[in-house]
Amino acid sequence: GNSVTQMEGPVTLSEEAFLTINCTYTATGYPSLFWYVQYPGEGLQLLLKATKADDKGSNKGFEATYRKETTSFHLEKGSVQVSDSAVYFCALKVQGAQKLVFGQGTRLTINP
Amino acid sequence: NAGVMQNPRHLVRRRGQEARLRCSPMKGHSHVYWYRQLPEEGLKFMVYLQKENIIDESGMPKERFSAEFPKEGPSILRIQQVVRGDSAAYFCASSPDRGQQPQHFGDGTRLSIL
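Throughout what follows, the structure given in this document is the object of discussion.

This paragraph deals with the overall build of chain A. Summing up its helical and strand segments, chain A has zero helices and twelve strands in all. The burial tally for chain A puts 44% of its 112 residues in the buried class. Nonlocal contacts in chain A, meaning residues at least 24 apart in sequence, comprise 56% of its contacts between residues at least 6 apart. Taking the average location of the 10 positive side-chain charges in chain A and that of its 10 negative ones, the two points are 10 Å from each other.

Below, the structure written as structure tokens:
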């Protein structure tokens, strides 16, 4: 079946540190890949997406590259801020299907 | 704010009662999705609806849960005879079509069962 595996949290970093949150997937065909962010008490917001191999999604200093050969979509940011503290979810959507399949989420805390 | 609107934000029910969760999609969106998030877990798909049609309910529990998206008004997720295990955050998302557009999420309804 289709599934997403994220690196386990929680992750705690200092401000301005480099961030990587690993995400790998298993899917039939060629899925679209997404990163969503959830701030406390809120719903999910789309952070970035990529729809085909080698695409790079980017937004607010975050980046992720769709790597078909390693079935990965790791999230990176060069210099994190306290305001980046949130839970990050990697997700996929298989062509022809409408539902998103989510990873378990990674809680990120940035200390000043 | 023209985002996905869910209400109530918090709902408390006693075991055996009914819970009704409402979702108004973004303007221009005719596709609605419901997801459930258990504590410290990711979101799990429940059901996908278009106006007056259930398209995919493969994630819905077989009993007590139902969903609708009438021609007029919000989508409703209904849980009958709630049990403690139904305590979770329920999120609604919407999209304009069946294509590659991303889904936009509401802020969720936190359901607590006493």
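Along the chain, the position of B:Gly28 falls in the loop between strand E3 (19-24) and strand E4 (31-37). In this structure the C-alpha to C-alpha distance between B:Gly28 and B:Val12, which are 16 residues apart in sequence, comes to 31 Å.

On to the side chain of B:Asp86. All names here are of chain B. One can find aspartate 86 in the loop between strand E8 (75-79) and strand E9 (88-95). According to the relative accessible area criterion, aspartate 86 is buried, its value standing at 2%. Separated by 2.7 Å, the side chains of aspartate 86 and arginine 64 make a polar contact. Sequence-distant contacts of aspartate 86, defined by excluding residues within four places in its chain, comprise Arg36, Arg64, Phe65, Ile79, Leu111 and Ile113.

Attention shifts here to the packing of aromatic side chains. Applying the stated criterion across every chain yields a total of eleven aromatic pairs over all chains. Here the aromatic rings of A:Phe89 and A:Phe102 are separated by 6.2 Å at their centres, their planes lie at 90°, and the arrangement is edge-to-face. Of this pair, A:Phe89 sits in strand E10 (residues 86-93) while A:Phe102 sits in strand E11 (residues 101-102), and the two are 13 residues apart along the sequence. A relative accessible area of 8% means that A:Phe102 is categorised as buried. Taken together, a centroid distance of 5.5 Å and an interplanar angle of 45° make the contact between B:Tyr35 and B:Phe105 tilted. Of this pair, B:Tyr35 sits in strand E4 while B:Phe105 sits in strand E10 (residues 104-105), and the two are 70 residues apart along the sequence. Both residues of the pair, B:Tyr35 and B:Phe105, belong to the buried class. In this structure an aromatic cluster arises from ring pairing among A:Phe34, A:Tyr36, A:Phe89, A:Phe102, B:Tyr35, B:Phe45 and B:Phe105.

How each quantity is defined
What you see as residue numbers is a count from 1 along each chain, following the sequence as written. Whichever chain is written first becomes A and whichever ligand is written first becomes 1, with later ones labelled in order. In keeping with the model being predicted, local features are shown solely for residues with a pLDDT of at least 70 and side-chain atom pairs are shown and tallied solely at 80 or more, while totals for entire chains, interfaces and linings include all residues. With hydrogens and water stripped out, all remaining heavy atoms of the structure feed into the side-chain values. To qualify as a helix, a DSSP run of H or I must reach at least 4 residues; to qualify as a strand, a run of E must reach at least 2; elements of each kind are numbered from the N terminus. Think of it in three bands: residues with accessible area under 20% of the maximum for their type are buried, residues over 50% are exposed, and the middle band is partly exposed, with areas taken using a 1.4 Å probe on protein chains only. In this analysis, two residues are considered to be in contact whenever any of their non-hydrogen atoms come within 4.5 Å of each other. Neither His nor the chain ends contribute to the count of charged residues, in which Lys and Arg are positive and Asp and Glu negative. Every charge is mapped onto a representative atom, which is NZ of Lys, CZ of Arg, CG of Asp or CD of Glu. N or O atoms within 3.5 Å of each other form a polar contact, as long as, within protein, one can give a hydrogen and the other can take it, and as long as residues adjacent in sequence are counted only when both atoms are side-chain atoms. Any two rings among Phe, Tyr and Trp, with Trp reduced to its six-membered ring, count as a pair given centres within 6.5 Å; such a pair is stacked if its planes are under 30 degrees apart, edge-to-face if over 60, and tilted if neither.

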